[in-house]
Amino acid sequence: MQSANPVLTRLDDVSGTERQMAAVGAAEAMTVDDVVVRTVGLLLLTGVTAGVTWAVVPQAVWISAALAGTALAGLVLVLVISLKQITNPLLIAGYAVLQGLLLGVASRAFEMIYPGIVVQAVAGTFGVFLGMALLYRARLIRATPRLARLVTGTLIGIVAISLVNLVTYLLTGRQGLEVYSLTTEVGWLPYAFSVVAIIAGAFSFILDFDLVERSVRAGLPRRYAWFCAFGLLVGLIFLYWQILRLLSYLRR
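S.K.: Looking at this model, I keep getting lost on the overall build of the protein. Mind explaining?
M.R.: Helix and strand content of the protein: eight helices and zero strands. Element order for the protein, N to C, with α for helix and β for strand: α-α-α-α-α-α-α-α. Taken across its 252 residues, the protein has 47% of its residues classed as buried. Long-range contacts, defined here as pairs at least 24 residues apart, represent 87% of the contacts in the protein between residues at least 6 apart. With the model as given, the accessible surface of the protein reaches about 11900 Å², and the carbon-plus-sulfur share is 69%.

Spelled out as structure tokens, the structure:
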């Protein structure tokens, strides 16, 4: 069973030679602690970069460019890093910095119109993440093949629809299932779309935790801890955007 996360899915394709090398001691095997430390480090790098951007940029007038940049740059880097199984910490850290820059600009735009919304979105994001981690640890929710198929299919659909909506908005200004204008009234479909995206993003963590755990048991080399941390960062940023957007809908 593979993860719903497009990055972590590639861990199941790592060659047997890599695993055997770690098993015989030719390469130090990764641990769960390695993944945790690197994930926290990338989150701090993203957060600090976003904070500096927030303070330096005088006003968030680039909201459309920030949203487009996040989607396009994120998609390109996710595809490159996952398809090539890149474990270079400098490239992965570069992704975290880029996302921090864009998140800082866009989050400031939301905050200017809806004071307090960013703190709520951050709290919601980590609340969902920790909640799913506890549910997984207690084995109350298990990563089954059926769950993997359902979550993967849903996320693929969400990403495809989001990209179409974003391109349509940038070219024509028309809103779709995702409303990019910060003040436009919202119908029930964008609400439903956001809720589905948040649920799918939350359950994807169950599959990610399972894949990381199995990769540790398989003895993957330690450098793949960066790969896992990158995948979790991608999932957290996706969830943050969905929660931030839903909160903005509720406050209009």
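Continuing now.
S.K.: Explain the UniProt feature "transmembrane region" (unreviewed entry) in the protein here, please?
M.R.: Cross-referencing UniProt, the feature "transmembrane region" (unreviewed entry) maps to residues 35-56, 62-83, 90-107, 113-135, 147-171, 191-212 and 224-243 in the present numbering. Helix makes up 100% of residues 191-212 and strand 0%, with an end-to-end C-alpha separation of 32 Å.

S.K.: Would you explain the packing of helix 2 (residues 32-56) against helix 8 (residues 224-250) in this entry?
M.R.: Each pair of packed helices can be summarised by the angle the axes make with each other and by the distance between the axes. For the pair helix 2 and helix 8, interaxial distance at closest approach is 8 Å and the crossing angle is 50 degrees. Classified by the interaxial angle, the pair formed by helix 2 and helix 8 is oblique. Both helix 2 and helix 8 take part in a crossing whose hand is right-handed. Contacts between helix 2 and helix 8 involve Asp34, Val35, Arg38, Thr39, Leu42, Leu43 and Thr46 from the first element and Ala225, Trp226, Cys228, Ala229, Phe230, Leu232, Leu233 and Leu236 from the second. Split by residue class, the contact of helix 2 with helix 8 holds eleven nonpolar, two polar and two charged.

S.K.: Quick question: what am I supposed to make of the packing of aromatic side chains here?
M.R.: For any pair of aromatic rings, the description rests on two quantities: the centre-to-centre distance and the angle between the ring planes. This model, assessed by the stated rule, comprises eight aromatic pairs. Ring centres of Phe129 and Phe209 lie 5.5 Å apart, and the angle between their planes is 70 degrees; on these two criteria the pair is classed as edge-to-face. Of this pair, Phe129 sits in helix 5 (residues 117-137) while Phe209 sits in helix 7 (residues 188-218), and the two are 80 residues apart along the sequence. Using a relative accessible area of 15% as the deciding quantity, one classes Phe129 as buried.

S.K.: How do you make sense of helix 5 when you look at a structure like this?
M.R.: Helical periodicity: at 3.6 residues per turn, an α-helix aligns residues three or four positions apart in one direction. The end-to-end C-alpha separation of helix 5 is 30 Å, in line with the 30 Å expected for 21 residues at 1.5 Å each. Every buried residue of helix 5 is accounted for by Ile117, Val118, Ala121, Thr125, Phe129, Met132 and Tyr136. Seen from one end, helix 5 has its buried residues packed into an arc of 115 degrees, which puts them on one side. Residues of helix 5 that are exposed and angled more than 90 degrees away from the buried face: Val119, Leu130, Leu134 and Arg137. On its buried face, helix 5 is in contact with helix 2, helix 4 (89-113), helix 7 and helix 8. Arg139 sits one or two residues past helix 5 and shows a positive phi near 60 degrees.

S.K.: Got a minute to help me understand the pattern of salt bridges in this structure?
M.R.: Opposite charge on two side chains permits them to pair, given that their charged atoms come into close proximity. Taken as a whole, this structure holds seven salt bridges when the rule is applied. A salt bridge links Arg222 to Glu28; its shortest N-O distance comes to 3.2 Å. Here the residue Arg222 occupies a position in the loop between helix 7 and helix 8, and Glu28 occupies one in the loop between helix 1 (16-23) and helix 2, the gap between them amounting to 194 residues. With a relative accessible area of 32%, Arg222 lands in the partly exposed category. A residue is classified by how much of its surface remains accessible, and Glu28, at 54% relative accessible area, is exposed. Here Asp210 ties to Arg214 by a salt bridge, and the two come within 2.9 Å at their closest N and O atoms.

S.K.: Help me out: how do you make sense of the environment of Val35 in this one?
M.R.: Here Val35 shows up in helix 2. Residue Val35 is classed as buried on the basis of its relative accessible area, which comes to 5%. Residues Val35 and Phe227, 192 residues apart in the sequence, show an inter-C-alpha distance of 8.6 Å. Contacts of Val35, omitting those with residues within four sequence positions, involve Met30, Val212, Ala225, Cys228, Ala229 and Leu232.

S.K.: Help me out: how do you make sense of helix 4 in this one?
M.R.: Compared with the 36 Å implied by 1.5 Å per residue over 25 residues, the 36 Å span of helix 4 between its first and last C-alpha is a close match. If you check the start of helix 4, you find a side-chain oxygen 2.8 Å away from the backbone N of Leu90, and it comes from Asn88.

S.K.: Even after reading the chapter, I still don't get the packing of helix 4 against helix 8, so can you show me in this structure?
M.R.: Close contact between helix 4 and helix 8 brings their axes to 11 Å; oriented N to C, the two are set at 10 degrees. Compared by their axis directions, helix 4 and helix 8 come out roughly parallel. Contacts from Pro89, Ile92, Tyr95, Ala96, Gln99, Leu103, Ala106, Ser107 and Phe110 in helix 4 reach Trp226, Phe227, Phe230, Leu233, Val234, Ile237, Tyr240, Trp241, Leu244 and Ser248 in helix 8. By residue class, the composition of the contact of helix 4 with helix 8 is 16 nonpolar, three polar and no charged.

Cut-off values and rules
- Residues numbered from 1 in each chain as written.
- Predicted model: local features only at pLDDT ≥ 70, side-chain atom pairs only at ≥ 80, totals over all residues.
- Heavy atoms only, no water.
- Helix = DSSP H or I, 4+ residues; strand = E, 2+ residues; numbered from the N terminus.
- Buried < 20%, exposed > 50% of the residue type's maximum accessible area, 1.4 Å probe, protein only.
- Contact = heavy atoms within 4.5 Å.
- Areas by Shrake-Rupley, 256 points an atom, 1.4 Å probe, with all protein chains shown as cover.
- UniProt positions renumbered as here; feature names shortened; annotations may be inferred.
- Axes fitted to C-alpha atoms, helices over the stretch in contact; angles between N-to-C directions.
- Parallel < 35°, antiparallel > 145°, perpendicular 65-115°, else oblique.
- Left-handed = near helix turned anticlockwise from the far one by under 90°.
- Nonpolar A, V, L, I, M, F, W, Y, C, P; charged D, E, K, R; others polar.
- Phe/Tyr/Trp six-rings, centres within 6.5 Å; stacked < 30°, edge-to-face > 60°.
- Expected span 1.5 Å × (residues − 1).
- Arc of directions from axis to C-beta.
- Salt bridge = Lys/Arg side-chain N within 4 Å of Asp/Glu carboxyl O.
- Polar contact = N/O pair within 3.5 Å; in protein donor to acceptor, adjacent residues only side chain to side chain.

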